[in-house]
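Inside the fold
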Amino acid sequence: MSEPVNPSTTARLDELAAVTREYAKYSRTSFGLAPAWLGGWLLVASALSAVWRGSGANLVRLTPVVWLWALAKARAHYQRHGEVIEEEEVPFPLPTSESGRRLFLGMIYFSCVFGIMEASRSGPGTLLFSAAIFVAVPAIATRVLKGITDAVVTAGWMWTVNGSLLRWLDAPPLPHAVLATFAAGLIAAGVWQHSKYLRLERRLAALRDRA
Amino acid sequence: MTDPKAPSVSALLELDRLVHEPARLAILTVLASAEEVQFKFLEEALGLTRGNLSSHVSKLEEAGYLVVTKAFEDRVPVTSYRITARGRKALESYRAAMLQGLSRGKA
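As the structure is a prediction and not an experimental result, all values here were calculated from the model.

1. Description of the side chain of A:Glu86
Tracing the backbone through its elements, the reader meets A:Glu86 in the loop between strand S1 (84-85) and helix H5 (97-121). Although A:Glu86 is buried, it forms no salt bridge, and the closest oppositely charged side chain is A:Arg28 at an N-O distance of 4.9 Å. Engagement of the side chain of A:Glu86 in a polar contact is seen with the side chain of A:Thr29, the distance being 3.0 Å. If sequence neighbours within four positions are ignored, A:Glu86 has contacts with A:Ala24, A:Lys25, A:Ser27, A:Arg28, A:Thr29 and B:Glu35.

2. Side note on the packing of helix H3 (residues 22-31) of chain B against helix H4 (residues 39-46) of chain B
A pair of packed helices can be characterised by two numbers: the angle between their axes and the separation between those axes. Residues and elements named next belong to chain B. Across the interface, H3 lies against H4 with an axial gap of 11 Å and an inter-helix angle of 125°. Judged on the interaxial angle alone, H4 and H3 are oblique. Here H3 and H4 pass one another in a crossing that is right-handed. The residues of H4 that touch H3, namely those facing Ala26, Ile27 and Val30, are Phe41, Leu42 and Leu46.

3. As for helix H5 (residues 50-62) of chain B
All names here are of chain B. Relative to the 18 Å expected for 13 residues at 1.5 Å per residue, H5 spans 18 Å between its end C-alpha atoms, a close match to the ideal helical length. Turning to H5, its buried residues number three or more, namely Leu53, His56, Val57 and Leu60. Around the axis of H5, the buried residues are gathered within 100° of arc, so they sit on the same side. Turned more than 90 degrees away from the buried face of H5 sit Gly51 and Glu62, all of them exposed. Those residues of H5 hidden inside the fold are in contact with helix H2 (17-20), H3, H4, strand S2 (66-73) and strand S3 (76-83). Positive phi shows up at Gly64, right after H5, with a value of about 80°.

4. Details of the environment of A:Ser46
All names here are of chain A. Its location among the elements puts Ser46 in helix H2 (residues 34-51). Of the residues examined, Ser46 reaches a relative accessible area of 6% and is grouped as buried. Between the C-alpha atom of Ser46 and that of Leu59, which follows or precedes it by 13 residues, the distance is 8.0 Å.

5. Looking at the pattern of salt bridges
Counted by the stated rule, this structure contains 9 salt bridges over all chains. Here A:Glu15 ties to A:Arg203 by a salt bridge, and the two come within 3.3 Å at their closest N and O atoms. One end of the pair, A:Glu15, is in helix H1 (residues 7-24); the other, A:Arg203, is in helix H8 (residues 174-210), and 188 residues separate them in sequence. Owing to a relative accessible area of 24%, A:Glu15 belongs among the partly exposed residues under this scheme. Residue A:Arg203 is classed as partly exposed on the basis of its relative accessible area of 27%. With a shortest N-O distance of 3.1 Å, B:Glu35 and A:Arg28 are connected by a salt bridge. Taken together, the positions of B:Glu35 in the loop between H3 and strand S1 (36-38) and A:Arg28 in the loop between H1 and H2 put the pair across two chains. Connected via shared salt-bridge partners are A:Arg28, B:Glu35, B:Glu36 and B:Arg82.

Calculation criteria
- Residues numbered from 1 in each chain as written.
- Chains lettered and ligands numbered in written order.
- Predicted model: local features only at pLDDT ≥ 70, side-chain atom pairs only at ≥ 80, totals over all residues.
- Heavy atoms only, no water.
- Helix = DSSP H or I, 4+ residues; strand = E, 2+ residues; numbered from the N terminus.
- Buried < 20%, exposed > 50% of the residue type's maximum accessible area, 1.4 Å probe, protein only.
- Lys, Arg positive; Asp, Glu negative; His and termini not counted.
- Salt bridge = Lys/Arg side-chain N within 4 Å of Asp/Glu carboxyl O.
- Polar contact = N/O pair within 3.5 Å; in protein donor to acceptor, adjacent residues only side chain to side chain.
- Contact = heavy atoms within 4.5 Å.
- Axes fitted to C-alpha atoms, helices over the stretch in contact; angles between N-to-C directions.
- Parallel < 35°, antiparallel > 145°, perpendicular 65-115°, else oblique.
- Left-handed = near helix turned anticlockwise from the far one by under 90°.
- Expected span 1.5 Å × (residues − 1).
- Arc of directions from axis to C-beta.

All quantities given are derived from atomic positions and should not be read as evidence of function.
The following block contains the structure:
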């Protein structure tokens, strides 16, 4: 980065900007191997729930917690060259970052209430367990979530797990095939994102070597 | 007769010299591509030494082109930077002037 500005420098700056934007995606919208870990978890938990009814279903219910754990681990891994936070494109205006944070925490709490209501339909025995999980998740989420994108994905997991997924598990055999396909899709998405990241690391190293 | 396609020398001489320095131009380019960037990433991506990077960042901060946030994560000090609206505008103006000058030079 010592030569005068010329067309080749301009091209390198464009490349630098592109690499930065792609690297930043691993702070919010790209989760690397995190979906793959979650897919693996869902396969194991649903297999256990098939042979170990009740307690196995509680393992499936832990999915949002596993997701947040996987997200935190993936971020630490993929942003090990220094954290770069992606510019978030929110489809509605947020006056200040503080109000945005309150909004997405509100979404999480709304999802908790929905999740507990759904769990109560599965039977009173699981209600206390679900309530404890969905009170614990926002406490973890405030440390892990970095924006609206994360909040929407995490809330989506809560709705999926406590809404459709647990009912699917109660009605075999088709639900297990659907779940297995879903989990395989998550694993494939995680592996694909990881391969994209490996290419990005090579681009980052090439930029550094040319500097 | 003056060639209307000739590069405007006065416009080039009025370029923001703070942005014109290649390392600072690269720093602003990285910051303009994200919401917040840690010192470590700038060091990794640009291949600058810590001292050199700190010096350039200080100059950009003094000009109001970026803001610095210092925090502790797991008891480790972490420094992050955000480009300001003023910094973004300076970078855009600089790039526009340079690209215009370069394209006129080619014509």
